[in-house]
Every structure is written in C-alpha cells, then in structure tokens.
Amino acid sequence: MTEKIMNENRPFIDVVFFRDDLSITHSSLLDTGANITCITQEIAETLKLHTFPYEVVNVRTFDGMITTQRRYRVNIQIEAHVFRNHPVLMVASSSPLIGWDILSKGAILSSISNRVFSEVIHLLGSIGNFKKATVLVLGQDTTEIHRLRAIQKRLKALGYTGIVVKDVADIEIQSIEEKVNMLASLCRFILCENSVASGHIDELKICASNRFVTAVLQQEGMGATWMQADYSLDYGFMKTFKYSDLEGINSAVDASVEWAETKQEERRSFLNNLYHWR
C-alpha cells in the first residue's frame, strides 16, 4: 500500500469502520473533492450491513451522472475522531473513500497526521470534481437561516450539496471576504436568498465583480436593497427568481438551478472553443 500511495500521490489512511460489535480497519482514500463517503462491498459484508435497514439515495457521480445507491448507518473512526455517518455502498470500488461530508466537520483536516497532509496536494486536482455538484448558498444567515436551510434541502433532493458560509470553519489568516471569494470560486454556481438585508449584499457584489453564475432568490414584496435590483439587467450571469412564500421556494430553486446549469453549459461550450488546447 505504501508504494501505491507514493506512486499515486494520494492520501490514504487507515480508517476503522464499525457497527455494534463488528469492525474492520481499511486503508481509505481521503478525497476533498467527493461530497459523500463511500464504503466497499468488503466492509458491508464484514459489518453484516445486509441485516440492517438501508436508505436508497441518488448520488451524483464525478462525470455528472446520477446513480441509485444504498446508504447505511456506519460508525467511522479516523485517528482520534469518531463519526456517525451514512456512507453509500459502492460495489465496484476496491477502496473506501472518505468524502467532504466527514472531512468538513470541525478541524479534522488540520489534526490528521502530517503524513496525510504531505500527500494532500492532490486537492488541486480534486477541485474540478468538487465544483461539479457543490452550490454556495448566500443570504441572511441568522434570523433568516431557515430560508437558506430550505434551499439546501431542495438542492440535496436535486443531487447537489449546498454549503452555507457560516458552516465552513474559518481560516485564521483569511478575512470573511476572502473566505466567500474562495468558496464561490470552488462552487458550481451560487444561489443568493435576497429577501432580507444582511452582509450578503457585499457578497452579491463579489459575485458580480468575479462573474460568478448567480441566481438571486427573493420573496415577492421583499428585497434587501434597491441598489442591486438591476444586476440582472447588466450581468448576463445573474438572474432573479421570485417566490410567493416559503412553501414556494422549492419551485424557485428548481428554476434557478435549471437556468444556472444552462449558463454553465454555455460557458463550457464557449470556453472549450476559445481555449484550443482543451
């Protein structure tokens, strides 16, 4: 396994998977570009997961396809960290994969052994995969956090992972503005809930300045500020979607996602023709 690690320059680490009194230790790939943790058939058989209830979920693969997989409840231990997780079973895989659903919790990446960190340079190569199904959700995240959670929930049903800025641990040498810029750059597109004024007004300006594909969701009769109400006029990569009340936000999310994917397809086609080496 050591030779494999050195050749592929990818961060493997021994991980303990357990349920009740059954456990197995398996060399696992830490992949910041994967949205969900995956286990192998070997792990499922050792833990006798076939005797436990499972959930059938749709999983978006790295090539953009959506497949149906089984998801079980499994306890996972990485060094001193223990997580209760619901990984999906990937029958064709030979190694389990620890995804962003675990790696994003707390400060686990900064506390994992230096050996792993020396190999995590593959992060740059994983950004493309991360960007395929991750959406940044902006908006008033204190008294109106329920709006952002509703957007996240709908995105999950559509096969995306929605992330909220406050849920991502701060980097001590990074300002909030830098943090937003970094997350926006990593995501496929941005959904900004714009019904109530907050710091997201500045975040929306960041999106405009950096030409991020951004859908603005706004409840009828409400709005954060008139100062940015005309953005969709001058910026073709920004568009506003209205919804009547909180119960209608799902339809606005659906429409905004469809529009954003169309814009990204336009960008992909144009840029691939422009950059002849692609």
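Above this text is the structure in question.
Each chain carries its own residue numbering, running from 1 in the written order of its sequence. Local features in a predicted model are, by the rule used here, given only for residues with pLDDT of at least 70; side-chain atom pairs are given and counted only at 80 or more, and totals for whole chains, interfaces and linings are based on all residues. Side-chain metrics rest on all non-hydrogen atoms present in the structure, leaving aside hydrogens and water.

Novice: It is not clear to me how the sheet that holds strand 11 (residues 161–164) should be interpreted in this structure. Could you clarify?
Specialist: What holds strands together in a sheet is hydrogen bonding between their backbones, with the strands either parallel or antiparallel. The rule for pairing is simple: two strands pair if DSSP sees at least two bridges between them. Labels follow the DSSP assignment, with helices taken as runs of H or I lasting at least four residues and strands as runs of E lasting at least two, numbered in each case from the N terminus. Taken in spatial order, the five strands make up an open sheet running 11-10-12-13-14, and their pairing is parallel. Edge positions in the sheet fall to strand 11 and strand 14 (238–243), since each has one partner strand and no second. The sheet shows a mean angle of 25 degrees between the axes of neighbouring strands, direction not considered. Two strands pair when backbone bridges link them, and strand 10 (residues 134–138) and strand 12 (residues 189–193) are joined in this way by four bridges, in the parallel orientation. Directly across from Val 135, in strand 12, lies its bridge partner Phe 189. Axis angles are defined between N-to-C directions and span 0 to 180 degrees, where every axis is a line fitted to C-alpha atoms and, for a helix, only to the segment in contact.

Novice: Explain the side chain of Asn 85 here, please?
Specialist: Residue placement: Asn 85 occurs in strand 7 (residues 81–85). The buried label applies to any residue whose accessible area, calculated with a 1.4 Å probe on protein chains only, is under 20% of its type's maximum; exposed applies above 50%, and partly exposed to all values in between. For Asn 85, a relative accessible area of 6% gives the class buried. Should any heavy atoms of two residues lie within 4.5 Å, those residues are counted as being in contact. Setting aside residues no more than four positions away along its own chain, Asn 85 makes contact with Thr 37, Tyr 72, Arg 73, Val 74, Ile 76, Asp 101, Ile 102 and Lys 105.

Novice: For this particular structure, what's the right way to read the packing of aromatic side chains?
Specialist: Between two aromatic rings, the relevant description is the distance of the centres plus the angle of the planes. Two rings belonging to Phe, Tyr or Trp (six-membered ring only in the last case) form a pair when the distance between their centres is within 6.5 Å. Interplanar angles under 30 degrees mark stacking, angles over 60 mark edge-to-face geometry, and anything in between is tilted. Counting across every chain of the model gives four aromatic pairs. Centre to centre, the rings of Tyr 54 and Tyr 72 are 5.6 Å apart; their planes meet at 50 degrees, and the pair counts as tilted. Highlighted residues: Tyr 54 in the loop between helix 2 (41–46) and strand 4 (55–60) and Tyr 72 in the loop between strand 5 (66–71) and strand 6 (74–78), separated in sequence by 18 residues. Overall, Tyr 54 belongs to the partly exposed group, its relative accessible area being 38%. Note on Tyr 235 and Phe 237: the rings are 5.4 Å apart at their centroids and 35 degrees apart in plane angle, and the pair reads as tilted. By relative accessible area, Tyr 235 is classed as partly exposed at 29%. Phe 237 sits in the buried class, given a relative accessible area of 16%.

Novice: I'm lost on the packing of helix 7 (residues 145–157) against helix 11 (residues 249–274) in this one. Help?
Specialist: For any two helices packed against each other, the geometry comes down to the angle between their axes and how far apart the axes lie. For the pair helix 7 and helix 11, the least separation of the axes is 10 Å and the interaxial angle reads 55 degrees. Regarding the angle of helix 7 to helix 11, the classification is oblique. Note that helix 7 runs across helix 11; the crossing there is right-handed. For the pair helix 7 and helix 11, the contacting residues are Arg 147, Ala 150, Ile 151, Arg 154 and Leu 155 in the first and Ile 249, Asn 250, Val 253, Asp 254 and Val 257 in the second. Residue polarity follows a fixed list, in which Ala, Val, Leu, Ile, Met, Phe, Trp, Tyr, Cys and Pro are nonpolar, Asp, Glu, Lys and Arg are charged, and the others, Gly among them, are polar. Classifying every residue of the contact of helix 7 with helix 11 gives six nonpolar, one polar and three charged. Here the angle decides the label: under 35 degrees means roughly parallel, over 145 means roughly antiparallel, 65 to 115 means roughly perpendicular, and every other value means oblique. It is the rotation of the near helix from the far one that decides the hand of a crossing: anticlockwise by less than a right angle makes it left-handed, clockwise makes it right-handed.

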